[in-house]
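Next come the chains, spelled out residue by residue.
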Amino acid sequence: MCMGRTTGIDERLDRAGRDSGRAEKMAIDTTRPKRTASEQSNGARRKRDRPVLTGSEIVCKALEDEGVDTVFGYPGGAVIPLYDALPGAGFHHVLVRFEQWAALAAEGYARVTGKPGVCLVTSGPGATNLVTGLADAMLDSIPMIAITGQVIQPLIGRDAFQEVDITGITLPVTKHNYLVQRIQDLAPTFKEAFHIATTGRPGPVLIDIPKTLFTQTHPYEYPESVFRRGYQPTSVPNMRQVRLAATAIAKARKPLIMAGHGIMLSGATAEFRAFVEKTGIPVAHTLLGLGAFPEEHPLGLGLMGMHGHKHVNDAFDECDLLINIGARFDDRATGRVSGFAPNAKVIHVDIDPAEIGKNVHADVPVVGDAKEALKLLIPEVEERVHDDWMAWIDSRRDRALDAALAERPAYPEPYTIIRAIAEATNGEAIVTTDVGQHQMWTAQHFGFNHPDRWATSGGLGTMGFGLPAAIGAKIGRPDLEVWTVIGDGGFQMSGTELATAVQENLDINIAVINNGYLGMVRQWQDLFHAKNYSEVRISAPNFQALAEAYGVPAITVRTDAEIRPAIERARSIRGPVLIDFVIEPEANVWPMVPPGGANSEMLHQQRYEG
Amino acid sequence: MKTRHTLSVLVEDHPGVLNRVVSLLRRRSFNIESITVGHSEQPGVSRMTIVVLGREEEVEQAGKQLYKLMEVLKVAEMTPANSVAHELALIKVAAKAQSRAEILQIAQIYEARVIDASPTTLMIQAAGTEQKVDGLLQMLKGYGIRELVRTGPVAMSRGSQMVAVRDTVRPERELAVTANGSGVNAN
């Protein structure tokens, strides 16, 4: 009797659980157009028309339906059944040499195409190797879909071979993630994942799929739309806020724009240019905002922040209105916040409400998509020029570097290398970098005039980024010349991707800026740790011989005079080419805001002074 | 200044949602004092009451970050003025024959009930504000508290105001508005 009652309760609980599940499903279904009675009678027939596919085929078909043309991946136990379906799939699979580079190649692809990058790896170590790439994409708001295999469902939670809780591990480094438990959820999960990854503030979404699902079958139907009650990003800003912004702009005498990545993510470069040209406000670029507005334009100032140009950081110190469009006030951009733009009222345009007031107080927050905000803002602002203000900024320009470079040092000077690549390619090339000194030299001196041709790891600062990102970028934009500028340290992290570049026969030019040090760390030790060069001296193989072993033609450059001929030779060769630029070991990046300092407290190169 | 804030959070009732909420608060260095989760009046929607310790702007940031989770439908701050926050406590107190009557009297003052007894102990169930439960515990301390479990507060707004979500309307982000004054979403 007692037993019977207990079972009854269990049944009721179970039913309640199922009911709540059903209610959720209904909530999702509400977006679908409601079927009329006559359509409903056709429903059964339609059901039969839907092809019955295996889980593996569903994954491939869903990717095809999303217009995916390339997947970067590495096979392994849990995804063998999925790889079984790849030969028949309508997209190209690029076999990388390490899963982390699959994620970064997908990022490189996403950064230059604006389309989500897709990577695919196995469970366990394959999945954990993705984590750095996911974190990188998360911090830089890159749309990415990561597909991981998971162990068979009966083994989940039992510490099975190559089992890790990847949805748990990646919780803080993904915009959202899924562990798909039922075959019927597979196609809707892909639909939702792509929607989340590409809308609002973009980001990486991970889909973990147990091996068991790949071999199960289900009728395939790709949903046409997605509805999540808890995910409704604001894209059109409040007009009242836009008018407040316009009023502040009208009143400003020394306004300055901080151009962020969001301008490119929302595809707003045309609107942004129109806004800048109408208001006559100069544009400072964040690291990821490079390309949002041409640097060759009289109003384009170039890089701000820790290694920003002197006159740009001075302009922040002096401005009375700061208009941040699509940047998140990262600490490397702002320096010490209390000393950042101390005289300015702040307008902050961002699609993510959580960014408003997170690091810097916003006097006029405008929550919305940069493109939508600019479209509303342009008619509200007056046509103006700021000659006095522009002249002031120009007067703060540091011309010492140009003077010094004119003297032509014997060794290849890093600034000269970057400028020579920019000149040879007419500034049209896609450039990817690793992280460190060479990244800053490139950001300072390449002169970016186009959106989506600059791929660098901004927020996370991931070494090894450059080469895999170049692979992804070249695959995404085969029509454009691709250069990657990397250090000798970073190249020793991801240099094995030379094999991928060769296997895919990708026409990419690799410029290794080789100083025999982990240069940026050495620079900090030089300036702030009394030259205590602790563990920064890094030996390297003969890069030319190494590249040639991979079948990659290579050139070594040891003098200034060899720079341009080497670049031209590299450009003339089809397929990957490596140039090893052996530079002065202790060259520093100037100017520099010391850690913890305000942007107005920049250090300047001693050598070029006086 | 760091003060206690009570947040009511409506979430989709999915596996792992508690983990997502807690992980987010931990990652952003928010100090959770208590958290309770249970069903709400709507099927498929759970309601969490989270008590966090933080400065005004930190709590505002916590609310905005919570909204970034796909499962979070609504975040509302429950202030002492506009809401009621009660918790439940079960207290096992040592009760010898000679002290039993006193303990029962104390329980009565605090509107607590005795729900279980043994020759040496009484189990008292108390419900009400945290202060009330604290007061009762203070009174019982002298007799010897053998075991204690508290739920942490659950909160609800006073009057006819409701923290609820409708199916089709996007979550209102009043927390996003407060610290920025000018009303981000006040159309």
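Please read all numbers here as calculations on a predicted model, not as lab measurements.

Peer 1: I would appreciate a short explanation of the overall build of chain B in the present structure.
Peer 2: When helices and strands are tallied, chain B shows 5 helices and 9 strands. Secondary structure elements in chain B, listed N-terminal to C-terminal, are β-α-β-β-α-β-β-α-β-β-α-β-β-α. Burial statistics for chain B: of 187 residues in total, 47% are counted as buried. Intrachain contacts of chain B at a sequence separation of at least 6 include 73% that bridge at least 24 residues. Carbon and sulfur atoms form 55% of the exposed surface of chain B, whose accessible area is close to 9,700 Å².

Peer 1: Mind showing me how you'd approach the overall build of chain A here?
Peer 2: Broken down by element type, chain A carries 26 helices and 20 strands. Compactness check: chain A gives a C-alpha radius of gyration of 26 Å against a globular reference of 25 Å for 610 residues, within 12% of the reference. Principal-axis analysis of the C-alpha atoms places the extent of chain A at approximately 95 × 65 × 50 Å. The buried share of chain A, reckoned over its 610 residues, is 58%. In chain A, of all internal contacts separated by at least 6 residues, the share reaching a separation of at least 24 is 75%. Taking the average location of the 59 positive side-chain charges in chain A and that of its 73 negative ones, the two points are 7 Å from each other.

Peer 1: I would appreciate a short explanation of the packing of helix α14 (residues 310-318) of chain A against helix α17 (residues 387-395) of chain A in the present structure.
Peer 2: Describing two packed helices takes the angle between their axes plus the distance from one axis to the other. Residue and element names in this part refer to chain A. For the pair α14 and α17, the least separation of the axes is 8 Å and the interaxial angle reads 130°. Between α14 and α17, the angle falls in the class oblique. Where α14 crosses over α17, the handedness of that crossing is right-handed. In contact with His 311, Asp 314, Ala 315 and Glu 318 of α14, α17 contributes Trp 389, Trp 392 and Ile 393. The residue inventory of the contact of α14 with α17, partitioned by class, reads 4 nonpolar, 1 polar and 2 charged.

Peer 1: Would you mind showing me how to read the packing of aromatic side chains here?
Peer 2: Two numbers describe a pair of aromatic rings. These are the distance of the centres and the angle of the planes. All names here are of chain A. Tallied over the full model, the rule gives 13 aromatic pairs over all chains. Summarising the aromatic geometry, the rings of Phe 72 and Tyr 109 are spaced 6.2 Å apart at their centres and angled 65° between planes, so their arrangement reads as edge-to-face. Of this pair, Phe 72 sits in strand β2 (residues 70-73) while Tyr 109 sits in helix α5 (residues 99-113), placing them 37 residues apart in sequence. Like Phe 72, the residue Tyr 109 is buried in the burial classification. Considering the side-chain rings of Trp 389 and Trp 392, the 5.8 Å spacing of their centres and the 20° angle between planes classify their relative orientation as stacked. Of this pair, Trp 389 and Trp 392 both sit in helix α17, 3 residues apart, which is roughly one turn of the helix. Residue Trp 389 is classed as buried on the basis of its relative accessible area of 3%.

Peer 1: I tried to follow the confidence of the model for chain A on my own but got confused; where do I start?
Peer 2: Any region with low pLDDT has predicted coordinates that should not be read closely. Considering every residue of chain A, the mean pLDDT works out to 91; 91% of them sit at 70 or more. Counted against residues more than four places away or in other chains, residues 1-41 of chain A, with its pLDDT under 50, gives 17 contacts.

Peer 1: Sorry if this is basic, but what is going on with the pairing of strand β15 (residues 430-433) of chain A here?
Peer 2: Residues and elements named next belong to chain A. Where burial is concerned, the two faces of β15 agree: the one with Ile 430 and Thr 432 and the one with Val 431 and Thr 433 are both buried. As paired strands, β15 and strand β16 (residues 454-455) are joined by 2 bridges and run parallel to one another. Each bridged residue has a counterpart across the sheet, and for Thr 432 the counterpart in β16 is Ala 455. Regarding the hand of the β-α-β motif, the stretch spanning β15, helix α20 (residues 437-445) and β16 is right-handed.

Peer 1: Sorry, what's going on with the domain arrangement of chain B here?
Peer 2: Note on interface size: it is often stated as the accessible area lost on association of the parts. Per the domain assignment, the segments making up chain B are domain 1 (3-82 + 158-178) and domain 2 (84-150). Centre-to-centre, using C-alpha coordinates, domain 1 of chain B lies 31 Å away from domain 2 of chain B.

Peer 1: I tried to follow the pattern of salt bridges on my own but got confused; where do I start?
Peer 2: Pairing is possible between side chains of opposite charge, provided their charged atoms come close. For the structure on display, the rule yields 45 salt bridges over all chains. Between Lys 68 of chain B and Asp 352 of chain A there is a salt bridge, with the nearest N and O atoms lying 2.5 Å from each other. Placement of the pair is Lys 68 of chain B in the loop between α2 (56-67) and β4 (72-78) and Asp 352 of chain A in the loop between β13 (345-350) and β14 (364-367), with the two residues belonging to separate chains. Residue Arg 55 of chain B pairs with Glu 58 of chain B through a salt bridge whose shortest N-O separation is 3.0 Å.

Peer 1: In this structure, what is going on with a nonpolar patch on the surface? I would like to understand it.
Peer 2: Residues and elements named next belong to chain B. A surface patch of nonpolar side chains, about 210 Å² in accessible area, is lined by Leu 18, Val 22 and Val 37. Looking at the secondary structure, you find Leu 18 in helix α1 (residues 17-27). For Leu 18, a relative accessible area of 39% translates into the label partly exposed.

Peer 1: It is not clear to me how the sheet that holds strand β10 (residues 283-285) of chain A should be interpreted in this structure. Could you clarify?
Peer 2: Hydrogen bonds along the backbone pair up the strands of a sheet, which may run parallel or antiparallel. Residues and elements named next belong to chain A. Read across the sheet, 6 strands follow the order β11-β10-β9-β12-β13-β14 without closing on themselves; strand pairing throughout is parallel. Looking at the sheet topology across the chains shown, the edges are occupied by β11 (300-303) and β14. Ignoring strand direction, the axes of neighbouring strands in this sheet form an average angle of 15°. Sheet topology note: the strand β9 (residues 255-259)/strand β12 (residues 321-325) ladder contains 5 bridges and is parallel. Paired with Met 258 across the strands is Asn 324, a residue of β12.

Rules of the game
- Residues numbered from 1 in each chain as written.
- Chains lettered and ligands numbered in written order.
- Predicted model: local features only at pLDDT ≥ 70, side-chain atom pairs only at ≥ 80, totals over all residues.
- Heavy atoms only, no water.
- Helix = DSSP H or I, 4+ residues; strand = E, 2+ residues; numbered from the N terminus.
- Buried < 20%, exposed > 50% of the residue type's maximum accessible area, 1.4 Å probe, protein only.
- Contact = heavy atoms within 4.5 Å.
- Areas by Shrake-Rupley, 256 points an atom, 1.4 Å probe, with all protein chains shown as cover.
- Rg over C-alpha atoms; globule rule 2.2 N^0.38 Å.
- Lys, Arg positive; Asp, Glu negative; His and termini not counted.
- Charge placed at Lys NZ, Arg CZ, Asp CG, Glu CD.
- Axes fitted to C-alpha atoms, helices over the stretch in contact; angles between N-to-C directions.
- Parallel < 35°, antiparallel > 145°, perpendicular 65-115°, else oblique.
- Left-handed = near helix turned anticlockwise from the far one by under 90°.
- Nonpolar A, V, L, I, M, F, W, Y, C, P; charged D, E, K, R; others polar.
- Phe/Tyr/Trp six-rings, centres within 6.5 Å; stacked < 30°, edge-to-face > 60°.
- pLDDT = per-residue confidence, 0-100.
- Pairing = 2+ DSSP bridges.
- Right-handed = clockwise from strand over helix to strand, strands pointing away.
- Domains from an automatic or database assignment.
- Salt bridge = Lys/Arg side-chain N within 4 Å of Asp/Glu carboxyl O.
- Patch = residues over 30% accessible without salt bridge, like charges linked within 9 Å, V, L, I, M, F, W, Y side chains within 5 Å.

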